[in-house]
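Close look at the chain arrangement
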Amino acid sequence: MGLKSYWKKRDFEKTPEPSGKKPVRRRVKKLRDCIQKHAATRLHYDFRLELDGVLLSWAVPKGPSLDPADRRLAVHVEDHPIAYGSFEGSIPKGQYGGGTVLLWDRGTWEPVLDAHAGLRKGHWLLIKDDDQEAKRGKQAAITELRPESVSTGRSLEDIARRGRKTWQSNRGKAA
Ligand code: MN
């Protein structure tokens, strides 16, 4: 898809979101992923996977679960710039996606099979692999157990109060 659709939807004079026009410097060549909690008109989670120089993006209304039996709908949305992967802040009301964005999780990923072929097929369900991190019952409700920002430890309310400031750090969340 590329970033045309991303640029078209946003006015960078008004939103603190990254335009993605500056290249991102990086030491590690691994593909990145992140999940952002987004209190827009409706609260949802944005799941993003780096591929071909952009972040492929899906809106996941219910957010991730650690229970492999849970199948979470993921709606494919426009590609986002790589710089979006560290964005946290408040998008002003009236702008596209107006509301607060919290960086809920981040890491790196490796495609199990061919990522491009997988994309063309398009099965958009977010399902936890049944591995040693899998949980059942209340322990699976990771969005409730760990609602805070992975980079700053802040809540949505904290971020909303701080307005336009964005943050970066290197702390990871073991989810
Ligand atoms: Mn969103």
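In what follows, the accompanying structure is described. The model shown is predicted, which means the values in this text are computed figures rather than measured ones.

What counts and how
- Here the residue numbers are simple positions, counted from 1 along each chain's written sequence.
- Where local features are concerned, this predicted model is filtered to residues with pLDDT of at least 70; where side-chain atom pairs are given and counted, the filter is 80 or more; whole-chain, interface and lining totals use all residues.
- Side-chain metrics in this entry use all non-hydrogen atoms of the structure; hydrogen atoms and water are not considered.
- Between the rings of Phe, Tyr and Trp (Trp by its six-membered ring), a pair exists once the centres lie within 6.5 Å; its type follows the angle of the planes, with under 30 degrees stacked, over 60 edge-to-face, and the other angles tilted.
- Ring-over charges, as used throughout, are those where CZ of Arg or NZ of Lys falls within 6 Å of the ring centre and within 35 degrees of the ring normal.
- Salt-bridge detection follows one rule: a side-chain nitrogen of Lys or Arg within 4 Å of a carboxyl oxygen of Asp or Glu.
- Whether a residue is buried, partly exposed or exposed follows from its accessible area with a 1.4 Å probe, protein chains only, as a fraction of its type maximum: under 20%, in between, or over 50%, in that order.
- Segments assigned H or I by DSSP are reported as helices when at least four residues long, segments assigned E as strands when at least two residues long, and all are numbered from the N terminus.
- As used here, the term nonpolar core means buried Ala, Val, Leu, Ile, Met, Phe, Trp, Tyr and Cys residues forming a set that is joined through side-chain atoms within 4.5 Å.
- Two strands are counted as paired when DSSP detects at least two bridges linking them.
- Between N-to-C directions, angles cover 0 to 180 degrees, with each direction set by a line fitted to C-alpha atoms, over the stretch in contact for helices.
- Note on contacts: a residue pair is in contact if any heavy atoms of the two residues lie within 4.5 Å.

Looking at the packing of aromatic side chains
- Inspection of the entire model under this criterion finds six aromatic pairs.
- Within the aromatic cluster, the residues linked to one another by ring pairs are Tyr6, Phe12, Tyr84 and Phe87.
- Positioned above the aromatic ring of Trp7, the side-chain terminus of Lys21 is 4.8 Å from the ring centre.

A few points about the pattern of salt bridges
- By the definition in use, this model includes 10 salt bridges.
- A salt bridge links Asp11 to Lys14; the nearest nitrogen and oxygen atoms lie 3.8 Å apart.
- The exposure class assigned to Lys14 is partly exposed, which follows from its relative accessible area of 44%.
- For Arg154, the salt bridge identified is with Glu88, shortest N-O distance 3.0 Å. Highlighted residues: Arg154 in the loop between helix H3 (142-145) and helix H4 (156-162) and Glu88 in the loop between strand E5 (75-81) and strand E6 (89-91), separated in sequence by 66 residues. The pair formed by Arg154 and Glu88 is uniform in burial state, with each residue classed as buried.
- Where salt bridges share partners, they join Arg10, Glu17 and Glu78 into one cluster.

Brief notes about unusual backbone geometry
- The backbone of Asp52 sits at a positive phi, close to 55°, despite the residue not being glycine.
- Mapped onto the elements, Asp52 comes out in the loop between strand E2 (43-51) and strand E3 (54-60).

Comments concerning the nonpolar core
- With 28 residues, the main nonpolar core has Phe47, Trp58, Val60, Tyr84 and Trp104 as its most contacted residues.
- For this core, the elements supplying multiple residues, two or more each, are E2, E3, strand E7 (99-109) and H4.
- Considering every element that reaches this core, the biggest residue donor is E3, with five residues.

Things to note about the sheet that holds strand E1 (residues 31-39)
- Here we have six strands laid out as an open sheet, ordered E5-E3-E2-E1-E7-E6, and antiparallel in their pairing. Looking at the sheet topology across the chains shown, the edges are occupied by E5 and E6. In this sheet, neighbouring strand axes are inclined to one another by 30° on average, regardless of whether the strands run parallel or antiparallel.

Quick notes on the environment of Leu55
- Residue placement: Leu55 occurs in strand E3.
- Sequence separation of Leu55 and Gly2 is 53 residues, and the distance between their C-alpha atoms is 9.2 Å.
- Leu55 has contacts with Arg32, Arg48, Leu49, Glu50, Asp79, His80, Pro81, Ile82, Tyr84 and Gly85, leaving out every residue within four places of it along the chain.

Treat this as a map of the structure, not an account of what it does.
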